[in-house]
Amino acid sequence: MPAVALIGTLDTKGDEIAYVRKRLEALRVDAVVIDSGILGEPGCVADIGREEVAAAGGHALADVQSAGSRGAAVSLMVDGVRALVVRLFAEGRVQGVLCLGGAEGALLGAAAMQALPVGVPKLLVSPSASGRRTFAAFVGESDVCVMHSVVDILGLNGISRPIFDNAAAAMAGMVRDAGAPLGALGEHCVGVTMLGQTTPGVMRLRDQLVRAGHEPVIFHANGVGGPAMEHLCEEGALQGVVDYTLSEVANSLKDGMHATGPERLTIAGRLGLPQVVVPGCVDFFNQGPRDSLPLAYRSRKAYFHNPVMTLVRLDREESAELGGIVAERLNRATGPVHVVAPTRGFSLADAEGGDLWDPEADAAFLDALSSALRPEIPYEAVDAHVDDHEFADVVASRYLALVGAYA
């Protein structure tokens with residue numbers, strides 16, 4: 001029978017874990033119960049106890065228990081849960097992971113799930129499955145499925161039982177008919193970043209790459225997609241990238257909703273992968289609903305993207321600063337880079353007559369970028385809009401030439 005790692009803090013979730021284990025067994029799925037609890041007595045029998053969990057992370061349980069704070073103890077226990085689940089999967093003892101947890105318990109399970117390859121079934125059941133920041137911590141850049149438990153995980157009742165039943169059934173279905181864990185995608189797979197504001201251009205690019213025998217993998221540049229693409233580059237899953245949409249870097253300048261860390265736009269270069277870079281969506285940063293905009297931004301040009309998202313225009317000085325940041329990150333690349341820049345707008349809303357149209361700010365970005373790039377990095381300005389077919393065709397041609405020469 002297939003088996004799953006069933007993770008829970010057994011001092012507070014013992015009855016619930018025991019119930020889900022029985023439900024899995026009734027569905028002909030074995031459960032390897034891992035106790036991620038720290039302080040109280042386990043409420044059910046574990047296959048892997050908390051002492052072994054702590055030791056797998058290089059810690060004695062007593063040291064975890066005396067770490068000084070709840071957060072510090074959880075941080076130490078994460079090491080062990082992650083190491084154990086990775087080992088169990090590598091040994092073929094489990095084919096998926098299921099966790100029931102509150103706040104800390106869910107974070108422990110999520111850390112283990114995120115360490116496994118994309119394609120391995122992962123399901124997290126938690127009352128904390130709400131809120132943008134919490135959800136991001138649970139999912140990370142992986143394919144973790146998150147189920148809101150509605151009620152807190154404390155006791156079996158008429159509401160919690162059907163939720164746990166569904167979780168067990170979902171996990172049983174996934175491990176029985178799971179897709180293959182992600183490995184190398186093939187020598188013709190190329191990562192491409194996109195947002196709604198660059199969709200027409202990327203669709204055209206994708207068609208051209210497919211015709212040439214390549215397999216584009218599109219990532220939504222929403223603060224997770226770009227880093228996820230770069231993580232897959234590190235795993236050897238992509239041959240190269242067309243970073244068509246740099247909104248995450250623009251958001252990072254103003255701490256927008258799609259902000260990422262300082263490594264964004266550096267990973268492919270560090271790995272020496274071929275990359276064509278397009279300054280798509282560098283004209284704005286993402287904020288919430290229009291009526292929630294900070295006062296400092298209400299006088300700026302803005303675009304009503306949807307009921308929960310407003311695109312706020314970067315000004316000329318910010319655009320110039322962003323151009324320098326993009327150049328500095330690309331200058332670190334050890335592999336081939338080609339920059340293709342549109343001169344008639346960076347997004348659907350940044351076109352003549354559009355809500356974000358500001359040719360002076362666009363020019364400031366392009367001037368800063370082109371002047372700060374290393375001389376050996378080709379910079380090509382194209383008299384077109386980022387979403388024009390002729391522009392996307394140029395980008396496709398440059399990528400195909402780059403990988404052809406690289407091969």
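Residues numbered from 1 in each chain as written. Predicted model: local features only at pLDDT ≥ 70, side-chain atom pairs only at ≥ 80, totals over all residues. Heavy atoms only, no water.

A. Local environment of the packing of aromatic side chains. This structure, assessed with the given rule, holds three aromatic pairs. Ring geometry for Phe285 against Tyr297: centres 5.0 Å apart, planes inclined by 70°, an arrangement best described as edge-to-face. Placement of the pair is Phe285 in strand β10 (residues 284–287) and Tyr297 in the loop between β10 and β11 (302–306), with a sequence separation of twelve residues. Relative accessible area serves as the criterion here: at 14%, Tyr297 is assigned to the buried category. Summarising the aromatic geometry, the rings of Phe346 and Phe365 are spaced 5.6 Å apart at their centres and angled 70° between planes, so their arrangement reads as edge-to-face. (Phe/Tyr/Trp six-rings, centres within 6.5 Å; stacked < 30°, edge-to-face > 60°. Helix = DSSP H or I, 4+ residues; strand = E, 2+ residues; numbered from the N terminus. Buried < 20%, exposed > 50% of the residue type's maximum accessible area, 1.4 Å probe, protein only.)

B. The arrangement of the sheet that holds strand β5 (residues 145–148) in detail. Taken together, five strands build an open sheet; the order of strands is β2-β1-β3-β4-β5 and the sheet is parallel. Edge positions in the open sheet fall to β2 (30–35) and β5, since each of these has one partner strand only. With strand direction ignored, the average angle separating the axes of adjacent strands in the sheet is 20°. Taken together, the four bridges between strand β1 (residues 3–8) and strand β3 (residues 96–100) define a ladder with parallel strand orientation. By the bridge assignment, Val4 is partnered in β3 with Gly96. Each of β1, β2 and β3 touches helix α1 (residues 10–26); the most contacted strand, β1, lies at about 160° to it. (Pairing = 2+ DSSP bridges. Axes fitted to C-alpha atoms, helices over the stretch in contact; angles between N-to-C directions. Contact = heavy atoms within 4.5 Å.)

C. Region of the structure containing the side chain of Asp350. Of note, Asp350 is situated in the loop between β13 (337–342) and α13 (359–372). Looking at Asp350, its side chain comes within polar contact range of the side chain of Arg313, at 3.4 Å. (Polar contact = N/O pair within 3.5 Å; in protein donor to acceptor, adjacent residues only side chain to side chain.)

D. Geometry of the sheet that holds β11. The three strands are arranged β10-β12-β11 in an open sheet whose pairing can be described as antiparallel. Edge positions in the open sheet fall to β10 and β11, since each of these has one partner strand only. In this sheet, neighbouring strand axes are inclined to one another by 25° on average, regardless of whether the strands run parallel or antiparallel. Note: β11 against strand β12 (residues 309–313), four bridges, orientation antiparallel. In the sheet register, Phe304 faces β12, and the bridge partner there is Thr310.

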